[in-house]
Amino acid sequence: MEFWYTEEWTENIRFGVKVTQHVYHQHSDFQQVDVFKSEELGTFLTLDGLMMVNEKDEFVYHDMIVHTPMAVNPNIKKVLVIGGGDGGTVRELTRYPHIEQIDMVEIDELVVRASQEWIPQCASQLDDSRVNLYFEDGVAFCAQAKNATYDLIIVDSTDPIGPGEGLFTTAFYTDCHRILSEQGILVNQNESPYFAHNAKEMQRAHAKLQTIFQVSRVYQAHIPTYPSGHWLFGFASKGLDPIQDAKFAQWNEFGLQTKYYNTDLHVGSFALPTYVLEMLANAK
Ligand code: SAM
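Just so we're clear, the structure is a prediction, and the values are computed from it rather than from any experiment.

Rules and cut-offs
Residues numbered from 1 in each chain as written. Predicted model: local features only at pLDDT ≥ 70, side-chain atom pairs only at ≥ 80, totals over all residues. Heavy atoms only, no water. Salt bridge = Lys/Arg side-chain N within 4 Å of Asp/Glu carboxyl O. Buried < 20%, exposed > 50% of the residue type's maximum accessible area, 1.4 Å probe, protein only. Helix = DSSP H or I, 4+ residues; strand = E, 2+ residues; numbered from the N terminus. Pairing = 2+ DSSP bridges. Axes fitted to C-alpha atoms, helices over the stretch in contact; angles between N-to-C directions. Contact = heavy atoms within 4.5 Å. Domains from an automatic or database assignment. Buried area = accessible area lost by both parts, 1.4 Å probe. Phe/Tyr/Trp six-rings, centres within 6.5 Å; stacked < 30°, edge-to-face > 60°. Lys NZ or Arg CZ within 6 Å of the ring centre and 35° of its normal. Polar contact = N/O pair within 3.5 Å; in protein donor to acceptor, adjacent residues only side chain to side chain.

S.K.: Quick question: what am I supposed to make of the pattern of salt bridges here?
M.R.: Pairing between side chains of opposite charge can happen when the charged atoms of each approach one another. This model, assessed by the stated rule, comprises 11 salt bridges. A salt bridge links Asp128 to Arg130, with the shortest nitrogen-to-oxygen separation between them at 3.0 Å. Overall, Asp128 belongs to the buried group, its relative accessible area being 17%. The class of Arg130 is buried, set by a relative accessible area of 15%. Where salt bridges share partners, they join Glu58, Arg91, Glu92 and Arg95 into one cluster.

This is the structure in structure tokens:
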């Protein structure tokens, strides 16, 4: 008997994965956490029925959300990850020996434990000595964090619904600006331009970021298992330009082997389709 995991990308479009096993099913105080095994994508984790991370394409998202800012400011030492429960973002950060501190604020401990048990490929570095895990709301954490504490904030969150909603607000981005150092960078998963509801959230986030940060840009990657496969990230800073100020030679000297990110693709990822540029220009 064939069993399929299906996800509604819109009420008219469904995404499906043939599944061999449904190995984990728990409801936390925040969301429904499920883990499936499949031929094509390997093991994957969903939250409230939405694809979060799978063994086959997680490298795309985690490369782009970490190495893009690290190439702009290779001297980043103190990092804050908001969300990131599967551990993939932290895994990529721990590959930089000069990073001294990684604070990860994940509201739902169940996501971390499920990832450690079922997707060790992502969660393998959460016990690195530089990593401090906080199981609390990232909005509250940032509100009480001290000024100029971090060089990089990565908002690796779910969509702006449920617990993730607060991570797309002006108040939250204002706190992020305050707790970042002068060379600080904020990177966030910024939804997608293709389906209407994702595009609306993308525009809303961008409109807020550009009123708070001196530099606010958007870059893209191809993530086949996220709605439409065309996924965007936000890059915001207090002055650093993601391309003009990038230190590509210094980043390449780190000699990190990556499967998706490279410094040429970095430049290309900020070259957006015309319809996306128009959406961003009209963002409010
Ligand atoms: N890569 C995935 C994506 O782009 O959708 C997201 C990775 S991770 C699974 C997203 C995490 O954000 C989840 O573990 C969720 O629990 C966490 N999260 C949602 N709202 C949060 C909040 N307010 N504070 C901290 N973590 C939050």
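S.K.: What exactly am I supposed to notice about unusual backbone geometry here?
M.R.: Trans peptide bonds make up the majority, and among non-glycine residues the majority have a negative phi. Within the chain, Asp48 stands out as a residue other than glycine whose phi angle is a positive 50°. Given the relative accessible area of 46%, Asp48 is considered partly exposed. The phi dihedral of Ala148 falls on the positive side, at around 50°, and the residue is not glycine. Residue placement: Ala148 occurs in the loop between helix H5 (138-144) and strand S10 (150-156). Under the relative-accessibility criterion, Ala148 is labelled partly exposed at 48%.

S.K.: Would you take a moment to explain the sheet that holds strand S5 (residues 42-47) for this structure?
M.R.: Picture the strands of a sheet paired through backbone hydrogen bonds; they go either parallel or antiparallel. Reading across from one edge, S3-S4-S5-S6 is the order of the four strands in this open sheet, with antiparallel pairing throughout. Unpaired on one side and paired on the other, strand S3 (21-27) and strand S6 (50-54) mark the two borders of the sheet. Averaged over all pairs of adjacent strands, the angle between strand axes in this sheet comes to 20°, irrespective of strand direction. Examined bridge by bridge, S5 and S6 share four bridges and lie antiparallel to one another. Within the sheet, the bridge partner assigned to Leu47 lies in S6 and is Leu50. Here helix H3 (residues 109-118) sits on the sheet in contact with S3, strand S4 (32-38) and S5, set at roughly 160° to S3.

S.K.: Quick question: what am I supposed to make of the domain arrangement of the chain here?
M.R.: By convention, interface size is frequently given as the accessible area that disappears when the constituent parts associate. Entries for the chain in the domain assignment read domain 1 (3-54) and domain 2 (58-281). Each partner contributes to the interface: domain 1 provides 25 residues, whereas domain 2 provides 24 residues. Summing the contributions of domain 1 and of domain 2, the shared interface buries around 2,000 Å²; its carbon and sulfur component is 73%. When residues of domain 1 are sorted by the area they lose upon contact with domain 2, Trp9, Phe30 and Val53 head the list and together hold 29% of the total. Joining domain 1 to domain 2, the criterion identifies zero salt bridges.

S.K.: Explain the packing of aromatic side chains here, please?
M.R.: The geometry of an aromatic ring pair comes down to the distance between the two centres and the angle between the two planes. Scanning all chains against the criterion turns up 18 aromatic pairs. Judged by centre distance (5.2 Å) and plane angle (20°), the ring pair of Tyr219 and Phe233 falls under stacked. In this pair, Tyr219 is assigned in strand S12 (residues 215-222) and Phe233 in strand S13 (residues 230-237), connecting sequence segments 14 residues apart. Taken together, a centroid distance of 4.9 Å and an interplanar angle of 70° make the contact between Trp251 and Tyr261 edge-to-face. One end of the pair, Trp251, is in helix H8 (residues 248-253); the other, Tyr261, is in the loop between H8 and helix H9 (263-269), with 10 residues separating them in the sequence. By way of ring pairs, the aromatic residues Tyr61, Tyr219, Tyr226, Trp231, Phe233, Phe235 and Phe270 are connected into one cluster. One Lys or Arg, Lys259, reaches over the ring of Phe59 and ends 4.2 Å from the middle of that ring.

S.K.: So what exactly am I meant to see when it comes to the side chain of Glu92 here?
M.R.: Here Glu92 lies in helix H2 (residues 88-93). The class of Glu92 is buried, set by a relative accessible area of 5%. Within the local environment of Glu92, its side chain forms a polar contact with the side chain of Arg91, the two groups lying 2.9 Å apart. Residues in contact with Glu92, not counting those within four places in the same chain, are His62, Asp63, Val66 and His67.

S.K.: Before we go on, may I ask you to explain the environment of Trp231 in this structure?
M.R.: You can see Trp231 is positioned in strand S13. Residue class for Trp231 comes out buried when judged on its relative accessible area of 3%. When residues no more than four places from it in sequence are discounted, the contact partners of Trp231 are Asp159, Gln189, Glu191, Ser192, Tyr219, Gln220, Ala221, Ile223 and Tyr226. A polar contact is formed between the side chain of Trp231 and the side chain of Gln189, at a distance of 2.9 Å.

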